[in-house]
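# Architecture at a glance
This is what each chain is made of:
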Amino acid sequence: MEKLEMDVFSAAMETCIEYPVDFILISGDLFDSSVPHNLKVVQNAAAKMREVVEHGIPIYCIYGSHEYSATSTSIIEVLESAGLLQKIVQPVMIDNKLKLIPFVDQRTGAKLVGISARKMGLERESYAILDRESLELLEGFKVFAFHSGLDEFKPDYLTQMSTLPLSLLPKGFDYYAGGHIHQKSMHQELGYERIVFPGPLFTGHGRDIEKTASKEPRGFFIVSFDNQVRSTEFVQIEMGDYAFCKLDVTGLNAVQAQLKLEDELLHLDVAGKIVVVRIFGELSGGKISETDLPNLRKILKANGAIHVDISQTGLSSKEYANVKVSGLEASEIEERLFREHIGLIKVSRPQLKNDVGIALSVALLRSLKREKKDTENQDDYDKGIAEDAFETLSLKEVFED
Amino acid sequence: MSHTEELDIVGQVISGKIGQIFVREKAGAEIELGNLLVAQSEDGSSLILQVHGLSYGSQIPPPVRELAAGRQLEGQAGSLSYYDPNIRNYTIAEMRAVAKISESVVSIPKTLPGFFSLVRHVNEEDFNFLNDPQNTVYLGKVRSGSKTLNVDVKLNGQELFTHHVLISATTGRGKSNLVKILLWSIVDDDDLGVLVLDPHDEYFGGRDEKLQGLSQHPSASRKVRYYSVNPTVGSSTLMINLKSVMPWHLESIFSLTQAQHEGMYEYYFKHLNDKQWIKAIVKGESLGSVQPITLNSLQRKFRTILGLDKDENGELICYNRAFSDASGEATVSEIIKNLEEGKIVIIDTSRLSDAAELLIGSLVIRDIVFKYQKYRAESGLKGKPRFEDKPVISIVLEEAPRVLASDTLEQYGDNAYSTVAREGRKFKIGLLAVTQLTSVIPPTILANLNTKIIFGNEMASERRAVINSAAQDLTEDYVTIGSLDRGEAIVSSIFTKFAIPIKVPLFDNFLKEFSSNRNLNSSEDKHAIRDADPKIIP
């Protein structure tokens, strides 16, 4: 899948070179962490970006929620130092207001402004003090880049996600380049001519891969403009063949369910494909853990599947009723579990309650489960985890020497 | 009796019976209608008496008085005057005992004050029984006649809201002002969530400096949500996806013929999967089972009542911008999530028709009632939240007769609002109904609204309606209610031992007092500024 992901990224960059575009704007989450675990991925991406830059196409970006780190240097900064990327966020505080100095693309004169994501949706605080007026008075063609969901446009299944109200964004921009939301959409509201979420280029798991397997288009937008936007063209990047199936095992016990699943998957045409399987329903008996997922994967791989994504989060057992969590993404499951349990604990501090408490819990979990990098020794790893955790809990000053 | 108390003496009990005690007024005391007075007993307890009538008393027979008045008026009095005028001519105050206080415990009085008891004005110490730290919902200050005491009247929010509230008054008496103050006092309470349907856009404030509102509360960014089709910066756009609307939401909002009702459901079932049944109707999708004339009628209703139409390209548009086929999928869920987190959610419906406003309220209420029913049923099961820990939800509804009037309920049957009024209490969901016309609300619903805050009302029928359903006997207040000035009210509740007269401060003054009492350099304010530090803006 890593190869496929790289192929998709390369295809997108090559399309930009061939077009050719005047610049590329990435609204965050080029990488899935501030320092990716697999540096080979970074190396390959950097090589492709070098090719783009050498064709005279600058690549602009803001931080996404996965990339930002308050405690350590992010990969984005490394790539910026190497001249492969340019962050467009140029903040200045004047009279307790956040003023954003526009970044001007030399070739087109387009003014680029943006606000990066921070952990736990804290970028909301930047918006709260944003000097909107100066941005709204900016003349010329202007683009606002942001990496947040918006209340008004989020799908129902993302209700629990912390998002921003549209009114926090400055009005009057020609194009609003959105990130963070893994679904393509375009919107227009009074004062906001064009709000675009391109969705992910590539998806590897959870609800995202399910939607890709269900033929949800993946790609990016090419925007043509002079003093205003003339066209927005979605460039679809198709890579890989998918096979998607949903299997209902309601009424069967664990053994019967396993037999049914094996039989169904055995007869599925999966050669050379990415296979997405969703198992759901209520078992009449036995435990969910009795489902032998490794064996199901083995069957599919033996039949030629190049990648297998199986989820049984929609599966429950009558006999072993538990906290039901039917989200598909690991992060979604984590958030729902926290949401279910946070109400069971009485706390007095507002930082530990409701949405804020849940976001803090999710962020802390993310800090604590960071994998050790190959280049890290145990001491550095332990220290890094601790620093991240203290930063998340706003206890950095307390524990500093 | 101390010297100070001697100076406070305003009269003496001279006769009467339970419910009708006569007190002779001390010369110059100027007892007022509605005054609260105290008769102290020898055992240390005190009776609080409330004045509900004033009349003249005199030792001089009426014919003699009339003759003296005539002489004076016609200029023939000369140096004629009364001997001891203050002894011979006086005022009689008629009052009833409303509370007995003994060692700070208040109870309903069952005895008369001692014969010839002296009575004095109430003071702040007499109301120590109102100091309960669990009471956080602020309503105003105790009022004695036209005077205001420095005694706060607060009630317990959990009890108050689950047992429903009625605020009744004619226009301009201060209903909205009270609601604003009440909401302000509970912003920081995480155990109370309030949905406010705001048809005059007067509760949030923030659009101009003159209109103050909840947006100025220090905790507003965290605890108050505002939805409007024209939002202020930081507020959410009121945008509801049509997929959230089901036919049963509309049944109590639209008047439909049988054919229209069936036609609506035909479209609903046809579009069960994509939920685009309203869009299909508005765009004129033809169904064999629905007559064109029925479709046209439905289209007309959606156009006039909800502002839905199609443009020249055949695409759906919404004139009031509150409904959309493309956006707002999560709006209703988001509102409910905020309520469950104990926030105040204000929906600006000033730019919407009545029907659109009531529909939006209905969407939220039905879903939250369903959720709370589920919580109650599952409470105690492993892994499920305890129902007791869920916040109480209150729905603030102005012009309540739109959905609670007898003829409306007869015509359309029960709706989400009347269901809450009748059954919401067991699910911790309450109604706060604001109205000028109490008389049109059925007695069965009025009886469930266990706290009534009564402002001035000149209409006899309205006074009778509210008195007849009050928690205390307010028969004697029939005249008083007619003479209540702006901001003056009576709180009659099952949670108060007697009907407390209050004065509600003007919101602007209330805000000034709040600001002067609050330390504006609190850590919460500093935290907000610290996070604005550009060093931590990536």
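These numbers were taken from a predicted model, which means no experiment stands behind them. (Residues numbered from 1 in each chain as written. Chains lettered and ligands numbered in written order. Predicted model: local features only at pLDDT ≥ 70, side-chain atom pairs only at ≥ 80, totals over all residues.)

## Thoughts on the overall build of chain B
- The helix and strand tally for chain B stands at 20 helices and 23 strands.
- C-alpha extents for chain B along the principal axes are approximately 95 × 65 × 50 Å.
- The burial tally for chain B puts 43% of its 538 residues in the buried class.
- Partitioning the intrachain contacts of chain B with sequence separation of at least 6 by distance along the chain shows that 70% fall at a separation of at least 24. (Helix = DSSP H or I, 4+ residues; strand = E, 2+ residues; numbered from the N terminus. Buried ≥ 20, exposed ≤ 12 C-beta atoms within 10 Å, placed from the backbone. Contact = placed C-beta atoms within 7 Å.)

## Section: the overall build of chain A
- Along its length, chain A carries 12 helices and 16 strands.
- Against the compact-globule benchmark of 21 Å for 401 residues, chain A has a radius of gyration of 23 Å, which places it among compact chains.
- Taking the principal axes of its C-alpha atoms as reference, chain A extends roughly 65 × 55 × 50 Å.
- For chain A, the proportion of its 401 residues judged to be buried stands at 35%.
- Counted over contacts in chain A with a minimum sequence separation of 6, partners at least 24 positions apart contribute 68%. (Rg over C-alpha atoms; globule rule 2.2 N^0.38 Å.)

## What to know about the confidence of the model for chain A
- Of the residues in chain A, 91% reach a pLDDT of 70 or more, and the chain-wide mean stands at 86.
- When pLDDT is averaged over each helix and strand of chain A, the minimum, 62, is found for helix H12 (residues 396-399) of chain A and the maximum, 98, for strand E9 (residues 175-178) of chain A. (pLDDT = per-residue confidence, 0-100.)

## Notes on the sheet that holds strand E7 (residues 111-115) of chain A
Residues and elements named next belong to chain A.
- Overall, mixed pairing links the six strands, which are arranged E6-E7-E8-E9-E11-E10 in an open sheet. Looking at which strands have only one partner, the edges of the open sheet turn out to be strand E6 (103-104) and strand E10 (185-189).
- Both E10 and strand E11 (residues 192-197) contribute to a ladder of four bridges, which runs antiparallel. From the neighbouring strand, His-187 faces E11, where its bridge partner is Ile-195. (Pairing = 2+ DSSP bridges.)

## Some points on the confidence of the model for chain B
Residues and elements named next belong to chain B.
- Per-residue pLDDT for chain B has a mean of 89; in total, 95% of the residues score no lower than 70.
- With pLDDT under 50 throughout, residues 520-536 is counted as low confidence; its partners more than four residues away or in other chains account for 15 contacts.
- Interface confidence for the predicted complex, given as ipTM, is 0.82, next to a pTM of 0.85.

## Some points on the interface of chain B and chain A
- If you look at the interface, chain B gives 29 residues, while chain A gives 39 residues.
- The biggest single contributor to the side of chain B that touches chain A is helix H11 (residues 331-340) of chain B, with three residues.
- For the side of chain B that touches chain A, a count of residues per class yields 11 nonpolar, 10 polar and eight charged. (Nonpolar A, V, L, I, M, F, W, Y, C, P; charged D, E, K, R; others polar.)

## Observations regarding the nonpolar core
- Residues Ile-48, Leu-49, Leu-139, Val-196 and Ile-346 of chain B are the most contacted members of the largest nonpolar core, which totals 138 residues.
- The dominant element in this core, judged by the number of residues it contributes, is helix H12 (residues 354-378) of chain B, at 10 residues.
- Dropping the residues within four chain positions of it, Leu-49 of chain B is found in contact with Ile-21, Leu-37, Ala-39, Met-95, Arg-96, Ala-97, Val-98 and Val-119 of chain B.
- Formed by 54 residues, the second largest nonpolar core is a distinct cluster that contains Cys-16, Ile-88, Val-196 and Phe-197 of chain A. (Core = buried A, V, L, I, M, F, W, Y, C linked by C-beta atoms within 7 Å.)

## What about the packing of helix H10 (residues 354-368) of chain A against helix H11 (residues 378-392) of chain A?
All names here are of chain A.
- Look at H10 against H11: their axes get within 8 Å of each other, and the N-to-C directions meet at 170°. With respect to H11, the axis of H10 lies roughly antiparallel. Only Ile-385, Asp-388, Ala-389 and Thr-392 of H11 make contact with H10, whose side of the interface consists of Leu-360, Ala-363, Leu-364, Ser-367 and Leu-368.
- Looking at the contact of H10 with H11, its residues break down into six nonpolar, two polar and one charged. (Axes fitted to C-alpha atoms, helices over the stretch in contact; angles between N-to-C directions. Parallel < 35°, antiparallel > 145°, perpendicular 65-115°, else oblique.)

## Structural notes on the pairing of strand E18 (residues 344-348) of chain B
All names here are of chain B.
- Counting buried positions over the five residues of E18 gives five, a clear majority of the element.
- Residue alternation in E18 divides its side chains into two sets, Ile-344, Ile-346 and Asp-348 and Val-345 and Ile-347, and both sets are buried.
- For strand E11 (residues 192-198) and E18, the ladder comprises five bridges, and the chain directions are parallel. Of the residues in E18, the one forming a bridge with Val-194 is Ile-344.

## Details of the domain arrangement of chain B
Residue and element names in this part refer to chain B.
- The domain boundaries assigned to chain B delineate domain 1 (3-131), domain 2 (149-218 + 348-526) and domain 3 (243-323).
- Domain 2 puts 13 residues into the contact, and the matching count from domain 3 is 12 residues.
- The biggest single contributor to the side of domain 2 that touches domain 3 is H12, with seven residues.
- Partitioned by chemical class, the residues of the side of domain 2 that touches domain 3 number seven nonpolar, four polar and two charged. (Domains from an automatic or database assignment.)

## With respect to the sheet that holds strand E2 (residues 59-61) of chain A
Residue and element names in this part refer to chain A.
- In spatial order, the strands read E1-E2-E3; together these three strands make up an open sheet with parallel pairing. Two strands in the sheet have a free side with no partner beyond their single neighbour: strand E1 (24-26) and strand E3 (86-87).
- Sheet topology note: the E1/E2 ladder contains three bridges and is parallel. If you follow Ile-26 over to E2, its bridge partner there is Cys-61.

## Considerations on unusual backbone geometry
- Each neighbour pair has its own omega, and for Tyr-19 of chain A with Pro-20 of chain A the value is -15°, a cis peptide bond.
- For Asp-201 of chain B, which is not glycine, the phi dihedral falls at a positive 45°.
- Looking at the element boundaries, Asp-201 of chain B is found in the loop between E11 and helix H6 (220-223).

## Focus: the packing of H12 of chain B against helix H15 (residues 416-423) of chain B
Residues and elements named next belong to chain B.
- For the pair H12 and H15, interaxial distance at closest approach is 9 Å and the crossing angle is 40°. Considering their axes alone, H12 and H15 lie oblique with respect to each other. Of the residues in H15, those in contact with Ser-362, Ile-365, Arg-366 and Val-369 of H12 are Ala-416, Tyr-417, Thr-419 and Val-420.
- Of the residues in the contact of H12 with H15, the class split is five nonpolar, two polar and one charged.

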